[in-house]
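Structural overview for review
Read off the chains here:
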Amino acid sequence: MSDLSTRTTLPLPIETERLVLRPYAYDDAARVLDIHGRLDVIRWLGDPPFTPMASLEEARTWIDELNALPETDLRCVGLAVEVRDTGAVAGTVMITPCPNSDPLDLQVGWHLHPDATGRGYATEGAKALLDAAYAHFDGSTPARPLLGEVWCGMYPDNHGSAAVATRLGLEDLGIRDDPWYDGDSHLFRTTRDHWTGAGRKRPVR
Ligand SMILES: CC(C)(COP(=O)(O)OP(=O)(O)OC[C@H]1O[C@@H](n2cnc3c(N)ncnc32)[C@H](O)[C@@H]1OP(=O)(O)O)[C@@H](O)C(=O)NCCC(=O)NCCS
């Protein structure tokens, strides 16, 4: 059975006004399949080829891999974004390793089911995750390694995702050669000082 709670040291769940960010469980596999089985969602995630998820078994494997993220680096975590009012899973927010980075670079990411967009859930969920991660991963003990720089990259034409990054107040580095993925990306970044400091613009809502 997939179980994140024994692996991450981040206090969970993370709660916001409208959302509960909590580990995925196998009970969520059908919803995961419904999200990752859609080309219009997965075509924005990572490098091609884009192969939609096709089975509940693949969904459970995805859940296992997400829940194993802290084993790669304790600061990494992937969480289901559950809507408090309905109990429905809107999508995922996560802090993950940037591919092939050594020393490890970290990135924040998000994706929603199309039926959950247009409500601010990605921005609200990602803000809560970054707030919690920067508060917890402060370098005070080995279980709480310091979270410093966090990157966020997207396809240059992913205007919806760029709008999330902008609403979060991430630093906009423009479109440039992506250090971790093929081709150019629209890159954003934050740091501990930037995220927790007064300089960062707050989300519009
Ligand atoms: C990228 C993605 C998460 C953006 O979703 P989103 O719903 O547009 O983003 P948010 O959750 O922040 O919602 C913002 C929208 O909700 C609206 N909104 C409605 N009610 C709101 C509320 N109470 N609070 C905040 N925003 C609200 C905002 O006006 C905004 O709409 P607009 O873009 O038409 O102005 C989504 O399109 C997606 O999952 N895409 C596919 C995967 C993907 O691209 N992931 C990112 C890879 S880098």
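Use the structure listed above.
Anyway, here's the lowdown on the structure attached to this text. Here the structure is a predicted model, which means the values were calculated and not measured. All residue numbers refer to positions counted from 1 along the written sequence of the respective chain. At least 70 in pLDDT is required for a residue's local features to be given in this predicted model, at least 80 for side-chain atom pairs to be given and counted, and no such filter applies to totals for whole chains, interfaces and linings, which use all residues. The basis for every side-chain value is the complete set of heavy atoms in the structure, and neither hydrogens nor water enter the calculation.

Further remarks concern empty space enclosed by the protein. Gaps left between atoms show up when a probe the size of a water molecule is rolled over them. Using only the protein atoms, space was sampled on a 1 Å grid; points where a 1.4 Å probe fits but cannot get out form cavities, open sets with protein on both sides within 12 Å along at least five of seven lines form pockets, and lining residues are those with an atom within 4 Å of a point. Grid points are joined across faces, edges and corners, and a volume is the space filled by probe spheres set on the points. In this structure the tally under the stated criterion is one cavity of 30 Å³ or more. Of the voids in this model, the largest cavity is the one considered here, and its volume is about 40 Å³. Lining the largest cavity are Cys98, Gln107, Trp151, Cys152, Gly153, Asp178, Trp180, Tyr181 and Leu187. Among the elements that line the lining of the largest cavity, the one with the most residues is strand E6 (residues 150–154), at three residues. Of the residues contributing to the lining of the largest cavity, the split by class is six nonpolar, two polar and one charged. Numbering of helices and strands runs from the N terminus; a helix is a DSSP stretch of H or I covering at least four residues, while a strand is a stretch of E covering at least two. In this classification, Asp, Glu, Lys and Arg are treated as charged, Ala, Val, Leu, Ile, Met, Phe, Trp, Tyr, Cys and Pro as nonpolar, and every other residue, Gly included, as polar.

What follows concerns the pairing of strand E8 (residues 184–190). Counting buried residues along E8, five of its seven residues qualify, which places the element largely inside the surrounding structure. Strands are treated as partners if at least two bridges between them are detected by DSSP. Here five bridges tie E6 to E8, and the two strands are oriented antiparallel to one another. In the sheet register, valine 150 faces E8, and the bridge partner there is threonine 190. Of the pairings in the sheet, the one linking strand E7 (residues 171–177) to E8 comprises six bridges and is antiparallel in character. Bridge assignment links aspartate 177 to a residue of E8, and that residue is aspartate 184. Whether a residue is buried, partly exposed or exposed follows from its accessible area with a 1.4 Å probe, protein chains only, as a fraction of its type maximum: under 20%, in between, or over 50%, in that order.

Here the focus is the packing of helix H5 (residues 121–136) against helix H6 (residues 159–168). Axis definition: a line fitted to C-alpha atoms, over the contacting stretch in the case of helices. Angles run 0 to 180 degrees between N-to-C directions. Viewed as axis vectors pointing N to C, H5 and H6 meet at an angle of 50°, and their least axial separation amounts to 9 Å. For the element pair H5 / H6, the angle class is oblique. Once H5 is placed against H6, the crossing between them reads as right-handed. Contacts between H5 and H6 involve Ala122, Thr123, Ala126 and Lys127 on the former and, on the latter, Val164, Arg167 and Leu168. A per-class count over the contact of H5 with H6 returns four nonpolar, one polar and two charged. Working rule for angles: under 35 degrees goes down as roughly parallel, over 145 as roughly antiparallel, 65 to 115 as roughly perpendicular, anything else as oblique. Here is the rule for handedness: rotate from the far helix to the near one, and if that takes an anticlockwise turn smaller than a right angle the crossing is left-handed, while a clockwise turn gives right-handed. Residues are treated as being in contact if the distance between any of their heavy atoms lies within 4.5 Å.

Around the ligand there are 21 residues in total, and Trp110, Leu112, Gly118, Ala122 and Thr123 lie nearest to it. Contact distances for the ligand include 2.8 Å between a nitrogen atom and a backbone N or O atom of tryptophan 110. In the environment of the ligand, an oxygen atom lies 2.9 Å from a nitrogen or oxygen atom belonging to the side chain of asparagine 158. Here the accessible surface of atoms and residues is derived via Shrake-Rupley with a 1.4 Å probe, and residues count as covered only by protein chains that are part of the display. When the free accessible area of the ligand is taken as 950 Å², the share hidden by the protein chains comes to 71%. Class assignment of the residues belonging to the shell around the ligand gives a composition of nine nonpolar, eight polar and four charged. The cutoff for a nearby residue is simple: one of its non-hydrogen atoms must lie within 4 Å of the molecule or strand. Nitrogen and oxygen atoms within 3.5 Å of one another constitute a polar contact, given that in protein one can donate a hydrogen and the other can accept it, and given that sequence-neighbouring residues count only through two side-chain atoms.

With that settled, consider the packing of aromatic side chains. Aromatic rings from Phe, Tyr and Trp, taking only the six-membered ring of Trp, are treated as a pair when their centres fall within 6.5 Å; an angle between ring planes under 30 degrees marks them as stacked, one over 60 as edge-to-face, and anything in between as tilted. All chains considered together, the criterion is met by four aromatic pairs. Where tyrosine 24 meets tryptophan 62, the ring centres are 5.2 Å apart and the plane angle is 80°; that geometry is what we call edge-to-face. Of this pair, tyrosine 24 sits in the loop between strand E2 (19–22) and helix H1 (29–36) while tryptophan 62 sits in helix H3 (residues 56–67), placing them 38 residues apart in sequence. The pair tyrosine 24 / tryptophan 62 is uniform in exposure class, with both members buried.

Two faces belong to every sheet, and in a regular strand the side chains alternate between them. Of all the seven residues making up strand E5 (residues 106–112), seven are buried; the element is thus mostly covered by neighbouring parts of the structure. Side chains of E5 alternate between two faces, with Leu106, Val108, Trp110 and Leu112 and Gln107, Gly109 and His111 buried alike. Across seven bridges, the pairing between strand E4 (residues 89–97) and E5 is antiparallel. When the bridges of E5 are listed, valine 93 appears paired with tryptophan 110.

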